[in-house]
Amino acid sequence: MRTRFQKGQPGNPGGRRAKSLPALLADALNETVAVTIDGRRRNITKREAIATQMVDKSASADLRDQDAD
């Protein structure tokens, strides 16, 4: 009986394609994490957590330029 593959050869010699860096980054950023906000536990994406953290840190930064007139 004839088959599609030769004897001793794997069915997929090239293997599965690796994901691109942007796809890997998007998958990682869309994962959810549990965070505590105002004493309440919430599940948000890592993307949201990073954005929230950046905004909070920039809002509470010591801005020395405000004193200069």
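Structure: see above.
Residues numbered from 1 in each chain as written. Predicted model: local features only at pLDDT ≥ 70, side-chain atom pairs only at ≥ 80, totals over all residues. Heavy atoms only, no water.

What follows concerns the environment of Asn30. Relative to the assigned elements, Asn30 resides in the loop between α1 (21-29) and β1 (32-37). For the pair Asn30 and Lys46, spaced 16 residues apart in the sequence, the C-alpha separation amounts to 6.2 Å. In contact with Asn30, other than residues within four places in its own chain, are Thr45 and Arg47. A distance of 3.1 Å separates the side chain of Asn30 from the side chain of Arg47, its partner in a polar contact. (Helix = DSSP H or I, 4+ residues; strand = E, 2+ residues; numbered from the N terminus. Contact = heavy atoms within 4.5 Å. Polar contact = N/O pair within 3.5 Å; in protein donor to acceptor, adjacent residues only side chain to side chain.)

This part takes up unusual backbone geometry. Phi at Asp38 is positive, roughly 55 degrees, even though this residue is not glycine. The class for Asp38 is exposed, based on a relative accessible area of 78%. (Buried < 20%, exposed > 50% of the residue type's maximum accessible area, 1.4 Å probe, protein only.)

We now examine the pairing of strand β2 (residues 40-45). One ladder, built from six bridges, connects β1 with β2; its direction is antiparallel. From the neighbouring strand, Thr36 faces β2, where its bridge partner is Arg41. Hairpin geometry of β1 and β2 is characterised by an intervening segment of two residues between the two adjacent antiparallel strands and by a positive phi of about 55 degrees at Asp38. (Pairing = 2+ DSSP bridges.)

Close contact between α1 and helix α2 (residues 46-59) brings their axes to 7 Å; oriented N to C, the two are set at 80 degrees. For the element pair α1 / α2, the angle class is roughly perpendicular. Contacts between α1 and α2 involve Ala26, Ala28 and Leu29 from the former and Lys46, Arg47 and Ile50 from the latter. The residue inventory of the contact of α1 with α2, partitioned by class, reads four nonpolar, no polar and two charged. (Axes fitted to C-alpha atoms, helices over the stretch in contact; angles between N-to-C directions. Parallel < 35°, antiparallel > 145°, perpendicular 65-115°, else oblique. Nonpolar A, V, L, I, M, F, W, Y, C, P; charged D, E, K, R; others polar.)

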